[in-house]
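Residues per chain, in single letters:
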Amino acid sequence: MRVREYALLPAIAVLGFLVLYPLFMVIYGSFVGGPPGTHAAFSLQGYTHSWTDAAAINALMTTFGLAIPRVFLGTCFAVVLAWIVTRTNVPMRGAWEMILWFMVFLPALPMTLSWVILFGGKVGLVNQLWMSVFHTTDILFDIRSMEGIIFISVISMGSFFYFFIGPAFRNMDASMEESARVCGAGHLTTLRRITVPLLTPAILGAALLVFLFLMGSYEIELVLGSRQGIYVFTTYIWSLMGSTPTDYPDAMAMSSIFMVFVAIVIVIQAKVWGGRQFITVTGRGFGYRLTDLGRWRWAAFAFVMGYFLIGGILPLGTLIMGTFQTMWGNFSASWTLDQWHRAFGDSSVLQSLENTIYLGLMAATLKVTVYGLLSYASMRTKLKGRWLIDALSWVPRAAPGIVMAVGVVWGVLGGIPGINILYGTLYLMAIVVLLDGIPAGMRIWNAGFVQLSSELEEAARVCGASWPRTMWKVVLPLVAPTLISSWLLGFLGAISSLVLIMFIYLPATRVMAVYIFELWNSDKLEQAAVLGLTLTALCLFVAVIAQYVAHRMRQNLEETRA
Amino acid sequence: MASRRQPWTTLRRPWTTLLLTMLAVIVVLAGCAGGAAPAATSQPAANTGAKVSGASSSTSSGATQSGATGASGFVVEPGKAPPPPSNGKNYSDAEWAKIAAAAKKEGTVVQYGNFGADYDSKLVAAFKQATGISLQLVSGTTNVLAERVKNEYRANVYQADTIYGQGSIEAGELKGYLARIDVMPEFRNPIDPKVWYVNPLVSPTIYQTYAFPHCAIMTINTNVIPPDKYPKKFQDLTDPFFKGKIQMDDPATSITPDTTIWGWYAGLGFPDWYLDAAYDLYNKDAGFIQIGTERDLVRGLTGLLPAMRGTTGALPEFYAETQGIKNLKVIQFSQQPVACSSTIMMGVSVFNKAPHPNAALVWSDWFISKDGQTAWTQARPVGSIRKDISSPIKQAYWPVPEATQYWNIDMDWMNFMNEVFAKKIAFNLIKQGMSRQAFKDAMKQVSMDHFKQFPPPPRKMYSADQFYKGMQQ
């Protein structure tokens, strides 16, 4: 046991180096204003300017002003959604699980473009319909606003949250809920007093992660906000880095300020979780009985159906429509199949599709292995330094992705001699998305492991099972949903990762997410729609396969329990 | 189980040591790298190419290139500057044939630049058909790509053959990274009035072929703006009717707003009234500007596009031809002396350590050729500096030679534009808010003084010989 646990040390050392190295480059750049090798002078100009720059402070306030309501509303929405789908007898329950998985896999950028076509000012299709039907010049809703950003985030957060907390809801022991109901508690009281408190670690973990994710996200904010003058931290930094000349000192210094806020959030998280027990899967076995909602099951059905139609079908349908129009959203223009012919008649598109698949498979498999082992070391061993694993796992969120991307580029091109051989390769992209996904990936695994009592492993060991056999026969089957979720999230994260990859790709290694962004940036929305739909189809295909595998694993587990 | 955990109680010190060691290693390695990275120079070093999973990476051997010859005679190895003509003036047919053959063998040219992601581009297909060379594009704003190239060069990684941009970046940010542009076949008679609107040879001091003119032009959507509201003077744009209807590119990500504000100023002859009118129009609180793209104009989200860019003048014909949209119209202010009243340049530059140097030359030459410019104008709503091309777009609003009289496109002008960009006037004015006095001061500081003290001379029209002589200076 001792040798095996010591064997984790080199792996953790490598992890530490990988996550700290680009961060160091960011801090270095905040003082020097350029990458190593530029011989720029040491200066505090970036810091002094950032603290006194009204626009930067405004961007900071907007970031929090958007993140807090998005997390709160998104959490409430997702908890209700997850409870309905996993713990109640809502009609078509099995289908909803599948559909929610499907919705997680709708890529953010194409979906956001669809929302702009639908609700983008006076030319938004829904707004035009509204004005036409009600003979008014006032539009229904402009998606390119603070409210629009919140709306789309909550919609997308619903399924994203579900991805995190769904397995925890599903694995929770129903006997506790039944005990509450035996004592006279209603459905909502049981949800509020039993279910939610029991799942606090999963919910809090997801909320915290989403908060940090939103602090560092930028695609939705860029498309909906930047042209309207709504800047969050990331889009403001993007504008600094896109300016002429590139304003590295300010961008890097602002990122260092960002680190302070992230550190505060992480400390809060540690305080909230410290010393609490959240075990819901024990050696005593657990029931998986559903809550009977009675007539309310149809209200629950309407809730989930409404979410599906508004959050999934509407933007996806708009996206599909866009692929057949000569000008997306303009019905006076002609319809055509040309967009498809041109896309798949071009070798660079096919190359990017191949790159995307390869990157997704490689990165997802790498991620699920690394995150699983690290989480196991953190949650299931008594390593004295395991706090370090958890602390290091947050480092990639310490700076916005766009700045970390620059740190990676500086690190690869201006840092350790010899590693520039990785530049522009899919291998570097896989490493980068592996690092970027650590906070989310570790939290998924942690949420899975934290609910798993060690008595199950101990029982297996007492019965003479070796550690690998215990892992294979006991731990892995119990965390199978987590494993599948982690792999899928890893795949999705890898193929939709944009910020990190757009700085290191080459034409031969361009992936579809980058292609879609470039097309959007070039105002070629119809072509972006074609590639966006292709990317969505790829995600769904993989999700269906993964869901099938997960279903089979759950069946095996239930047979074993029976 | 408790006994199993005991050994780890001794691990506190190893963990601390591990953390400190990791930090120390990072600091040391970064420090070493800082000293090791070479500064880029305009004189290329000899390199050897090596393919790495889709990336071609060259490592400097420290030797300097001498003369025009490489391992295979006239053509050069990857990672070197393109070969200059052996007579020092222009490429002979025999030399060019060798370059073309070597380029075909290289097979690929990688261009950094905001061409748009042209996977369907007729331009890419036409170039492939004409030369057998695959044009691969890395998109992004010019300055972001310029930073990328500088990072790559510091690590002796050479990926880009050419860059497409607005000249000022190339002349400023990328000074020292570009190869000399010599007189290629398409440039042998750059002052032939039957072929060129404006001279394609920019300046011996700017390593760029001049391909893409920008003009300050007003385009309107006639569905949004009724004829009686068409602005006749620039100041008419501040009519409250136009609030929220005037489209502008995002100054956070585009230089077009900067060039527009300055382009109209120059195009209208630097009148004093312009500074107040421009402030009234563009300032954030006035509410006239709607940040968007030309698509927003076409779809009617906005009604007016007073922009300085090559696409604007060709928009009506392009959309009418390609999508049957006929509600766009170009109009002219009464104050404009000519239809296309000022210009900046866009074009192609070749890197001095291009991995495909011969293909880079062939691409630069072909891009400006009749076939290249025809494909270019068919692929995008752009004008051309060539007169002899076949394009579905009428040329009524394309540049006229008189338009170029205002600015001398040389290093002075480039340095001036870099000053403008550095001030971020458009970004501050349109998005962040800026006082009238601050705006006027900034404008005067970087422009008024410059142009009043040093009136722009007529633009030079280089012949091939003059261009060559300029290079020797």
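Each remark here, short or long, concerns the structure printed above.
Residues numbered from 1 in each chain as written. Chains lettered and ligands numbered in written order. Predicted model: local features only at pLDDT ≥ 70, side-chain atom pairs only at ≥ 80, totals over all residues. Heavy atoms only, no water.

*Asks:* Any details on the overall build of chain A? Residues and values, ideally.
*Replies:* Across its full length, chain A holds 26 helices and zero strands. Here the C-alpha radius of gyration of chain A, 24 Å, is about what a compact globule of 562 residues would show, namely 24 Å. When its C-alpha atoms are laid out on the principal axes, chain A stretches across 65 × 65 × 50 Å. Across the 562 residues that make up chain A, the buried fraction comes to 63%. Partitioning the intrachain contacts of chain A with sequence separation of at least 6 by distance along the chain shows that 77% fall at a separation of at least 24. Charge-centre separation for chain A: the mean point of 34 positive side chains lies 11 Å from the mean point of 27 negative side chains. (Helix = DSSP H or I, 4+ residues; strand = E, 2+ residues; numbered from the N terminus. Rg over C-alpha atoms; globule rule 2.2 N^0.38 Å. Buried < 20%, exposed > 50% of the residue type's maximum accessible area, 1.4 Å probe, protein only. Contact = heavy atoms within 4.5 Å. Lys, Arg positive; Asp, Glu negative; His and termini not counted. Charge placed at Lys NZ, Arg CZ, Asp CG, Glu CD.)

*Asks:* Residue-level account of the environment of Asp285 of chain B, with values.
*Replies:* Residue and element names in this part refer to chain B. For Asp285, the location among the structural elements is in the loop between helix H8 (273–282) and strand E10 (289–291). Classification of Asp285 by relative accessible area gives exposed; the value is 70%. For the pair Asp285 and Met434, spaced 149 residues apart in the sequence, the C-alpha separation amounts to 9.3 Å.

*Asks:* So what about the pattern of salt bridges? Which residues, and what values?
*Replies:* Applying the stated criterion across every chain, the model contains nine salt bridges over all chains. Salt-bridge contacts for Glu221 of chain A lead to Arg70 of chain A; the nearest nitrogen and oxygen are separated by 3.0 Å. A residue pair is termed long-range when its members are at least 10 positions apart, and Glu221 of chain A in helix H12 (residues 219–224) and Arg70 of chain A in helix H4 (residues 54–87) qualify at 151 residues. Note on accessibility: Glu221 of chain A and Arg70 of chain A belong to one class, buried. For the salt bridge of Arg148 of chain B with Glu152 of chain B, the shortest nitrogen-to-oxygen distance reads 3.2 Å. Pair noted here: Arg148 of chain B and Glu152 of chain B are both in helix H5 (residues 142–154), with a separation of four residues, about one helical turn. We note that Arg148 of chain B, like Glu152 of chain B, is buried. Salt bridges sharing partners connect three or more residues here, namely Asp276, Asp280, Arg436 and Lys440 of chain B. (Salt bridge = Lys/Arg side-chain N within 4 Å of Asp/Glu carboxyl O.)

*Asks:* Pulling in residues and values, what's your account of the nonpolar core?
*Replies:* Ranked by size, the top nonpolar core spans 215 residues in total, and within it Ile165 and Leu488 of chain A carry the most contacts. Counting residues per element, this core draws most heavily on H4 of chain A, at 15 residues. Counting residues in hydrophobic clusters, the runner-up holds 39 residues, among them Tyr230, Met248, Ile261 and Trp264 of chain B. (Core = buried A, V, L, I, M, F, W, Y, C linked by side-chain atoms within 4.5 Å.)

*Asks:* Could you give me a rundown of the pairing of strand E5 (residues 162–165) of chain B, with the residues and numbers involved?
*Replies:* Residues and elements named next belong to chain B. Residues Thr162 and Tyr164 line one face of E5 and the alternating positions Ile163 and Gly165 line the opposite face, and both faces are buried. Relative to E5, strand E3 (residues 108–113) runs parallel, the two being bridged by three bridges. Across the sheet, residue Gln111 finds its bridge partner in E5, namely Thr162. (Pairing = 2+ DSSP bridges.)

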